[in-house]
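So you can see what is in the structure, the chains are spelled out below.
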Amino acid sequence: MTVLRGLLALMASVVGSTAVMAQDWRPEYSMYGSVGIIEMPSALSAQDADLSSQISAFEDQTRVSITFQILPRLSGTFRYSIIPEYTGVDTASTYDRSFDLQYRLRDESEWLPAVAVGLRDFMGTGLLTSEYVVGTKTIGTNLRATAGIGWGRMGSYNGFTNPLGAIANEMETRPSRSSIYGRGGVPAYDLYFRGDAALFGGVEWQINPSLTFAAEYSSDAYEREVANGTFDHKSPLNFGLKYHPNENYELGIYALYGSEIGVTATSVLNPNRRPAVGGYDTAPMPVVVRPEDLRAARTWDRSVLPDETIQTALVEALGQDGIVVQGIELTDTSIRIRYENTQYRSEAQVVGRIARVLTYALPPSVETFIFEPTRLGVPTSTTTIKRSDLESLENQIGSAEAIYARADVTEAMVGDDAALVPTQTSNFKWGIMPYGELTLFDSRNPATVEVGIEAAMRYEISPNIVVAGSIRKSVYDNRIDNPSISASTIEPVRRYAPYYADQGDGGIDYLTFAWYGRPALELYSRVTFGYLEPMFGGISTELLWRPVDSDLAFGVEMNYTAQRDFDQGFGFQDYNVVTGHLSAYWAMQNDFHLQVDAGRYLAGDWGATVSVDREFQNGWRIGAYATFTDVPFEDFGEGSFDKGIRLTIPMDWATGMPSTQLVDTRLSSLTRDGGARLDVDGRLYDAIRSGDISDFGDSWGRFWR
């Protein structure tokens, strides 16, 4: 009661000074990381594309949650929970991963509430499993009321016979968790909405735009925790205050179940709140307009301005903007320039900047500008722009749309390199730098850290023929000493990871020779051989069909690899395998991207990986993947099959500085042998499509930037 009195006193102290309520009262977050009251959910949804991360804690549990509003009505949550002594007093903590889904069935109207249905921990080990239907109604400007019915854990306090039993008798009995989940990681269809049900509800009162008071009646009895003596459930009532100084942060403090104090800290990002990127990039130079009497010139005096002088000036000027010129073909009336962009994520922005420089450097007779961006040393497209269009459109309203309408974007030609004058010679780069690796949410350890020194080199024999490698030396890590692996019927292609980490310190991380090409129109190729990754070496080949103006692409990859020695030297072990995949890629019109890879994996198993990503115009990508092979769930082990969440954040979004660098993060359920694929660098599809400038909505808006 002392805690409750303190919360009420704090609430009362701010009521009098807050007469003006917030006009836009955003949904707030529960201690489970998803939108809700305190521990119970509500029927509201976060703003479309909101990505929240939360840590919540009380004496019995610590939860780390990541929630993404996948669609305006659909949200998903990944959660990692640390539960002390879950299996009994004086036992080790349990580390549990779980996934949630919630779908809003209807929006709130003047008289009727919003209604949502949800699954909590629907494919983990089932420690937190619940299902629910919930409704939420806003009353006035600063009060929200929620009521719902729950099953599973949310049906464990003051439960009653399942009303769905009127539809089917088997709905009245809930099977035991262990009989359904087994190894975990699979949806428990036979469990959903079964067994006793219970009611829950609560209210939220917005005291002022930054502070909300919440009270709820929880239907979770914490039966297992009470039974093993680790939790004292005195009351179903929870109370709390939520403080949100702005739309990006939320803090909460709660009185829980009459016996606990809980706290939350939530951070929210939304890629759509900053659709544009950059801000600190230098301003481009203006277009130089030719005098009217010189536009009709058909040539120029090369004794005064030789081709070599123009080429040298272009290489130097564009190099200062992070644009590496690889070849130039210059005639009296046209220029074709092949280049690699190393600084700007928007290829249309690069075309615009090169075009402006060309208006300075080229004689008046040159009217046609032809741009050939490359990826992996291979041209991906050809964009043709008239110089006179640049001169007439630069300062007009809607000039980006106008230049897009007049530009001609086509496939890059094949076999027409003879006329190009190479401007890039062999390029050798090397460096010594620190590295760090953070592994989160393992089943035995919440976080492992490795930091060390990496020496890397890259030698470009030509833009499309590359030798690269690196060596790493660990300085500190907190992984398990004296590693061992569990027994399995599957070939240990990834279970050996602890041995490589233990014995391979200071070894060759990778050392490869790669050759990229364009064997025909719309086709791209790759051949890579050497020590392809820390655990495998051999040869990897790939062929990709991707027209420049198509949303579809198809690829095939074939690999012959052998398992490397644990010391990551030059030797190999006895195990070798042929793997390969047929891949289909579909860039959907609604910012979603689907990829399906079907074939043979490193352990010799056959199956497919399905990946779905939501992509944003500013470079963000958020998605999930799952791999199903002919390895039985029992043989795969905990998790049943490979799955995970992945997130890509562009550095220019984070820093405001122009950059092509991306930060990729993957949250995998587990790293096991089933569904393991070769981790070879330079796969074609993502690299080639990053050079695409055919879609105005994705790129051309930055042409004049």
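Whatever comes next refers back to the structure up there.
Residues numbered from 1 in each chain as written. Predicted model: local features only at pLDDT ≥ 70, side-chain atom pairs only at ≥ 80, totals over all residues. Heavy atoms only, no water.

**Quick word on the packing of helix α4 (residues 307–319) against helix α5 (residues 347–361)**
- For the pair α4 and α5, interaxial distance at closest approach is 11 Å and the crossing angle is 145°. In this structure, α4 meets α5 at a crossing whose hand is right-handed. Here Ile-310, Leu-314, Ala-317 and Leu-318 of α4 lie close against α5, whose contacting residues are Ile-354, Val-357, Leu-358 and Ala-361. (Axes fitted to C-alpha atoms, helices over the stretch in contact; angles between N-to-C directions. Helix = DSSP H or I, 4+ residues; strand = E, 2+ residues; numbered from the N terminus. Left-handed = near helix turned anticlockwise from the far one by under 90°. Contact = heavy atoms within 4.5 Å.)

**Topic: the sheet that holds strand β12 (residues 260–269)**
- Around the barrel, 12 strands lie side by side as β1-β2-β3-β4-β5-β6-β7-β8-β9-β10-β11-β12; this closed barrel has antiparallel pairing. When the angles between neighbouring strand axes are averaged without regard to direction, this sheet yields 20°.
- As judged from the 10 bridges shared by strand β6 (residues 130–139) and strand β7 (residues 143–152), these two strands associate in the antiparallel manner. Its bridge partner lying in β7, Ser-130 is registered against Gly-152. (Pairing = 2+ DSSP bridges.)

**Topic: the layout of surface pockets**
- Quantified by volume, the second largest pocket comes out at close to 470 Å³.
- Residue lining of the second largest pocket: 23 residues in total, with Thr-129, Gly-152, Arg-153, Arg-174 and Glu-223 positioned closest to the centre.
- Taken together, the elements giving at least two residues each to the lining of the second largest pocket come down to α2 (177–181) and α3 (223–227).
- Among the elements that make up the lining of the second largest pocket, the one with the highest residue count is α3 (three residues). (1 Å grid on protein atoms, 1.4 Å probe; cavity = no way out; pocket = protein on both sides within 12 Å on 5 of 7 lines; lining within 4 Å. Points joined across faces, edges and corners; volume = space filled by probe spheres on them.)

**Quick word on the nonpolar core**
- Of all hydrophobic cores here, the largest spans 33 residues; its most connected members are Ile-335, Ile-354, Phe-369, Phe-371, Ile-385 and Leu-390.
- When contributions to this core are tallied by element, the ones reaching two or more residues are α4, β13 (323–330), β14 (334–341), α5, β15 (368–375), α6 (387–393) and α7 (399–406).
- Take this core: its biggest share by element is seven residues, from α5.
- Apart from residues lying up to four places away in sequence, Ile-335 is in contact with Leu-314, Ile-328, Glu-329, Leu-330, Leu-358, Leu-362, Val-366, Thr-368, Phe-369 and Ile-370. (Core = buried A, V, L, I, M, F, W, Y, C linked by side-chain atoms within 4.5 Å. Buried < 20%, exposed > 50% of the residue type's maximum accessible area, 1.4 Å probe, protein only.)

**Observations concerning the packing of aromatic side chains**
- Within this structure, the stated rule accounts for 23 aromatic pairs.
- With centroids separated by 6.0 Å and ring planes inclined at 75°, the aromatic side chains of Tyr-189 and Tyr-192 adopt a geometry described as edge-to-face.
- Take Tyr-192: its relative accessible area is 11%, and that puts it in the buried class.
- Relative to Trp-653, the ring of Trp-620 has its centre 5.0 Å away and its plane inclined at 80°; by these criteria the two rings are edge-to-face. You can see Trp-620 sitting in the loop between β29 (606–615) and β30 (621–629) and its partner Trp-653 sitting in helix α10 (residues 651–655), a full 33 residues away along the chain.
- Classification of Trp-653 by relative accessible area gives buried; the value is 11%.
- Taken together, the ring pairs in this structure connect Phe-58, Tyr-222, Phe-231 and Tyr-257 into an aromatic cluster.
- The cationic tip of Arg-472 hangs over the ring face of Tyr-435; the distance from NZ or CZ to the ring centre is 4.2 Å. (Phe/Tyr/Trp six-rings, centres within 6.5 Å; stacked < 30°, edge-to-face > 60°. Lys NZ or Arg CZ within 6 Å of the ring centre and 35° of its normal.)

**Focus: the environment of Glu-260**
- By the secondary structure assignment, Glu-260 is in strand β12.
- Leaving out residues up to four positions away in the same chain, Glu-260 has contacts with Phe-58, Glu-59, Phe-231, Tyr-254 and Ala-255.

**Re the pairing of strand β31 (residues 642–650)**
- Sheet topology places β30 next to β31; seven bridges connect them, and they run antiparallel. If you follow Ile-622 over to β31, its bridge partner there is Leu-647.

**Section: α4**
- Here α4 spans 18 Å end to end across 13 residues, near enough to the 18 Å set by a 1.5 Å rise per residue.
- Within the span of α4, buried status applies to Asp-307, Ile-310, Gln-311, Leu-314 and Leu-318. Seen from one end, α4 has its buried residues packed into an arc of 95°, which puts them on one side. Set apart from the buried face of α4 by more than 90 degrees, the exposed residues are Glu-308, Thr-312 and Glu-316.
- Buried-residue contacts for α4 involve β13, β14, α5 and β19 (421–422). (Expected span 1.5 Å × (residues − 1). Arc of directions from axis to C-beta.)

**Examining unusual backbone geometry**
- Look at Leu-376: it is not a glycine, yet its phi comes out positive at around 60°.
- Checked against the element boundaries, Leu-376 lands in the loop between β15 and β16 (378–379).
- A positive phi angle, close to 70°, is found at Glu-522, a residue other than glycine.
- The topology assignment puts Glu-522 in the loop between β23 (508–520) and β24 (523–531).

**Remarks on the side chain of Thr-266**
- Tracing the backbone shows Thr-266 in strand β12.
- Apart from the residues lying within four places of it in its own chain, the contact partners of Thr-266 are Tyr-29, Ser-52, Ser-53, Gln-54, Asn-248, Tyr-249 and Glu-250.

**Here we look at the pairing of β24**
- Where β23 and β24 come together, eight bridges link them in antiparallel fashion. If you follow Trp-515 over to β24, its bridge partner there is Val-527.
- Adjacent in sequence and paired antiparallel, β23 and β24 are bridged by two residues, among which Glu-522 carries a positive phi angle near 70°.
- Inspection of the sheet shows β24 paired to strand β25 (residues 536–545) by eight bridges, in the antiparallel sense. Opposite Ser-525, over in β25, you have Leu-543 as the bridge partner.

**Here's the deal with the pattern of salt bridges**
- On inspection of all chains with the given rule, the structure shows 41 salt bridges.
- Across the salt bridge formed by Arg-518 and Glu-411, the nearest N and O atoms sit 3.4 Å from each other. Of this pair, Arg-518 sits in strand β23 while Glu-411 sits in the loop between β18 (408–410) and β19; the two residues are 107 residues apart in sequence, bridging distant segments of the chain.
- Under the relative-accessibility criterion, Arg-518 is labelled buried at 12%.
- Shared partners join several salt bridges into a network, and the residues in it are Arg-526, Glu-542, Glu-557, Asp-597, Arg-677 and Arg-683. (Salt bridge = Lys/Arg side-chain N within 4 Å of Asp/Glu carboxyl O.)

**A short note on α5**
- Along its 15 residues, α5 runs 21 Å from first to last C-alpha, staying within 8% of the 21 Å computed at 1.5 Å per residue.
- With 13 of 15 residues buried, α5 lies mostly within the body of the structure.

**Topic: the environment of Ala-147**
- Take Ala-147: it is sitting in strand β7.
- Separated by 107 residues in sequence, Ala-147 and Met-40 place their C-alpha atoms 9.5 Å apart.

**Let's talk about the side chain of Glu-460**
- Mapped onto the secondary structure, Glu-460 falls in strand β21 (residues 447–462).
- The buried category is assigned to Glu-460, whose relative accessible area is 7%.
- Within the local environment of Glu-460, its side chain forms a polar contact with the side chain of Arg-458, the two groups lying 3.2 Å apart. (Polar contact = N/O pair within 3.5 Å; in protein donor to acceptor, adjacent residues only side chain to side chain.)

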